[in-house]
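# Reading the structure
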Amino acid sequence: MKKRFYLSLVILLVAGMLLSACGGVQQNSGASGNVLNVRVDGEPPNLDSAVSTDNISFNLLNAVMEGLTRLDKDNKPQLAMAESYTISPDKKTYTFKLRDAKWSDGRPVRAQDFEYGWKRALAPQTASQYAYILYPILNAEKYNTGKAKAEDVGVKALDDKTLQVKLEAPSPYFLGLTSFATYLPQRQDIVEKYGKQYAQEPNKMVYNGPFVLASWQHNESYTLKKNPNYWDKATVKLDGINFKIVKEVSSAINLYKTNGLDYVPRISQEFVDAYKSKPDFKPVTEATTVYLEFNMKKEKVLRNVKIRKAIQMGIDTNILAQNIAKEGKPATALVPPTLQGGNGKLFRDQAPGYVKFNKEEAKKLLAEGLKEEGLSQFPTMELLGDDTDVAKRCLQFIKEQLRTNLGINVNIRSVPFKERLQRSQDGNFQIVLSRWGADYDDAMTFLDLFLTGNAFNRGGYSNPKYDDLIKKAKMNPDFNQRLQQMVEAEKILIQDDAGIAPLYWRQRQNLERPNIKGLVHHPFGPDDDFKWATLNK
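Just so it is clear, the structure is predicted and the values come from calculations on it, not from any experiment. (Residues numbered from 1 in each chain as written. Predicted model: local features only at pLDDT ≥ 70, side-chain atom pairs only at ≥ 80, totals over all residues. Heavy atoms only, no water.)

### As for the overall build of the chain
Scanning the chain from N- to C-terminus turns up 16 helices and 21 strands. Buried residues in the chain amount to 57% of all 537 residues. Sequence separation of 24 or more characterises 68% of the internal contacts of the chain that already satisfy a separation of 6 or more. A total of about 22,500 Å² of accessible surface is found on the chain, and carbon and sulfur atoms cover 50% of it. Positive and negative side-chain charges in the chain, numbering 75 and 63 respectively, have mean positions lying 3 Å apart. (Helix = DSSP H or I, 4+ residues; strand = E, 2+ residues; numbered from the N terminus. Buried < 20%, exposed > 50% of the residue type's maximum accessible area, 1.4 Å probe, protein only. Contact = heavy atoms within 4.5 Å. Areas by Shrake-Rupley, 256 points an atom, 1.4 Å probe, with all protein chains shown as cover. Lys, Arg positive; Asp, Glu negative; His and termini not counted. Charge placed at Lys NZ, Arg CZ, Asp CG, Glu CD.)

Here it is as structure tokens:
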């Protein structure tokens, strides 16, 4: 009997070891092995790169996919799927040579995968909100708006290894765009095989990046494993990454304290004092603007420029940024200070600020605006925003500022991030607390949002002079003239029209274990890059 007991015990131990080995990515292990545990504050809304629109999805895509280039630790585009490229003398034709690389199922990555993915994002039937980011490509806008055919678009696979891209005009930021999510390759056979289910589950897509998506417990967690078919797998040191969806910062901090998390992005200010003198605390420069957007399509009273200016001037953004949100500094305009102007200098260094708190002027403008609208009082409206800690505090502060400074009453509606995006997209809001993070290192990543008809121009702002300046800037090969056109356009949007109400420029404050090395943070595009990350013992 004793011999049989020991034999059974050995079998159980061996079975346990085998199960652990087959289980792949470790769970809830803290900083152990080569697996990183990371907090994320929401579910990735969509991993189909042709239609993805949010930074949670972009971060995940950046880990499991790769474009022609990848941003390095200095935020410069470095060769990735492309092994080399040439630019024509007129700077309008790029020819990329692809390296030998494979998808996660072993099939080669081909130039045709890029042509297909880009044209699929542009196809009118795809209805991609991000299609406009491909507009620097010749005839891309015409195809997207039904005025040209797919074969007219200036992207073409000359053979399996050669991708030719023709532009509408020279662009100071095109190469950086090739690292962005909408510029990722896609496999036509996989997209067509799964149809509407494509990229909805880990086994319904293929990967060409440093990691693959191994599991996905919706609204709870998702795990990545190192991609054995990645062309640069020798550089990737992590075996895997566990992403845990934790909405409340306080809960994430508790998990960090108990080794349930190794990396907590975006901690709020109340936790900064406890960590700011420790090596775990890492502030990260960001190019994100938080602002109020007015639904001018739906609400007549919000079409009155004096009323919009009153709201813009009636909120003390110094207090909001420094004492309430506690994650940035007050915004005086739309474009954040970290972005380039396209002429080798920072845009903000060459453009003035426009927004300044002025309670008395705000009251005066509101009274004039209401009189023009035939109203004695501003109607009660809904103020929409996210359900995170920071968003809730900001919403409450804005509500009180509008009430005490202007006599405007709003009802707060806090919803999950995914729902806020959907309601904004559907135009189902009156005033929304929104934000935009830069997609690439140029002021245009903010300014073309507010072109008439842009999918992210949720409130329906429209000014023909603004449109004209931005369209001219996009086609202008003289980058100094282009800068002046963008500066003038921003003045129209913010100062003259109060098309939105900028609130603050956000800065990330992260908790990161000191033994994590090589984790790269970007101010634009995806927030983080785990390709070079290691977990030292």
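That covers the picture; the talk isn't over yet.
### With respect to helix H10 (residues 317-325)
For H10, the full list of buried residues reads Thr 317, Leu 320, Ala 321, Ile 324 and Ala 325. The arc that holds every buried residue of H10, seen down its axis, measures 125 degrees, which confines them to one face. On its buried face, H10 is in contact with strand S13 (328-330), helix H12 (389-406) and strand S17 (500-512). Lys 326, located one to two residues past H10, shows a positive phi value of around 55 degrees. (Arc of directions from axis to C-beta.)

### Quick notes on the side chain of Arg 308
As for its placement among the helices and strands, Arg 308 is situated in helix H9 (residues 305-313). Despite its burial, Arg 308 pairs with no opposite charge; the closest candidate is Asp 497, at 5.3 Å N-O. When neighbours within four sequence positions are excluded, Arg 308 is seen to be in contact with Phe 294, Met 296, Leu 302, Arg 303, Asp 497, Ala 498 and Gly 499. (Salt bridge = Lys/Arg side-chain N within 4 Å of Asp/Glu carboxyl O.)

### Details of the UniProt feature "domain: Solute-binding protein family" (unreviewed entry) in the chain
UniProt's feature table lists "domain: Solute-binding protein family" (unreviewed entry) at residues 76-456, given in the numbering used throughout. Split by type, residues 76-456 is 28% helix and 22% strand. Its first and last C-alpha atoms lie 26 Å apart. (UniProt positions renumbered as here; feature names shortened; annotations may be inferred.)

### A few points about empty space enclosed by the protein
Within this structure, the stated rule accounts for three cavities of 30 Å³ or more. Roughly 400 Å³ of internal volume is contained in the largest cavity. If you trace the largest cavity, you find 30 residues lining it, with Thr 53, Asn 55, Arg 435, Trp 436 and Gly 437 closest to the centre. As a volume, the second largest cavity reaches approximately 120 Å³. As for the second largest cavity, its lining consists of 17 residues, and the residues nearest its centre are Asn 62, Ser 179, Phe 180, Ala 181 and Pro 526. (1 Å grid on protein atoms, 1.4 Å probe; cavity = no way out; pocket = protein on both sides within 12 Å on 5 of 7 lines; lining within 4 Å. Points joined across faces, edges and corners; volume = space filled by probe spheres on them.)

### A short note on the packing of aromatic side chains
In this structure the tally under the stated criterion is 22 aromatic pairs. Each ring, one from Tyr 130 and one from Phe 180, has its centre 5.3 Å from the other, and the planes form 50 degrees; the classification is tilted. Of this pair, Tyr 130 sits in the loop between helix H3 (111-122) and helix H4 (140-144) while Phe 180 sits in the loop between helix H5 (174-177) and helix H6 (188-194), placing them 50 residues apart in sequence. Note on Phe 180: relative accessible area 3%, which makes it buried. Linked through ring pairs, Tyr 85, Tyr 94, Phe 96, Phe 114, Trp 118, Phe 174 and Tyr 183 together constitute an aromatic cluster. Looking at Arg 99, its charged tip hangs above the ring of Trp 231, at a distance of 3.7 Å from the centre. Over the aromatic face of Tyr 256 sits the side chain of Arg 513, whose NZ or CZ is 4.0 Å from the ring centroid. (Phe/Tyr/Trp six-rings, centres within 6.5 Å; stacked < 30°, edge-to-face > 60°. Lys NZ or Arg CZ within 6 Å of the ring centre and 35° of its normal.)

### Notes on the sheet that holds strand S7 (residues 162-166)
Spatial strand order, S4-S5-S7-S6: four strands in an open sheet with antiparallel pairing. In the strand order of this sheet, the two ends are held by strand S4 (82-87) and strand S6 (155-159), each with one partner. Strand-to-strand twist of the sheet, defined as the mean angle between neighbouring strand axes without regard to direction, takes the value 20 degrees. Relative to S7, strand S5 (residues 93-98) is paired through five bridges, and the arrangement is antiparallel. Its bridge partner lying in S7, Thr 95 is registered against Gln 164. (Pairing = 2+ DSSP bridges. Axes fitted to C-alpha atoms, helices over the stretch in contact; angles between N-to-C directions.)

### Digging into the pattern of salt bridges
Tallied over the entire structure, the rule returns 36 salt bridges. Between Asp 529 and Arg 70 there is a salt bridge, and its shortest N-O distance comes to 2.6 Å. One end of the pair, Asp 529, is in strand S20 (residues 528-529); the other, Arg 70, is in strand S2 (residues 69-71), and 459 residues separate them in sequence. The exposure classification of Asp 529 matches that of Arg 70, with both residues buried. Among the salt bridges present, the one from Arg 107 reaches Asp 189, with a minimum N-O distance of 3.4 Å. With Arg 107 in the loop between S5 and H3 and Asp 189 in helix H6, this pair connects stretches of sequence that are 82 residues apart.

### Structural notes on the nonpolar core
Among the nonpolar cores identified, the biggest contains 149 residues, and Trp 118, Ile 137, Val 165, Leu 292, Ile 311, Phe 378 and Leu 447 are the most heavily contacted of them. What Leu 292 contacts, discounting residues up to four positions off in sequence, is Ile 311, Ile 315, Leu 383, Ile 398, Ile 431, Val 432, Leu 433, Ile 500, Ala 501 and Leu 503. (Core = buried A, V, L, I, M, F, W, Y, C linked by side-chain atoms within 4.5 Å.)

### Quick notes on the environment of Phe 450
Locating Phe 450 in the fold gives a position in the loop between helix H14 (444-447) and helix H15 (464-475). Taking the C-alpha atoms as reference points, Phe 450 and Asn 62, separated by 388 residues in sequence, lie 26 Å from one another. When sequence neighbours within four positions are dropped, the list of residues in contact with Phe 450 reads Tyr 291, Glu 293, Leu 334, Asn 457, Tyr 461, Tyr 466, Asp 467, Leu 493 and Ile 500.

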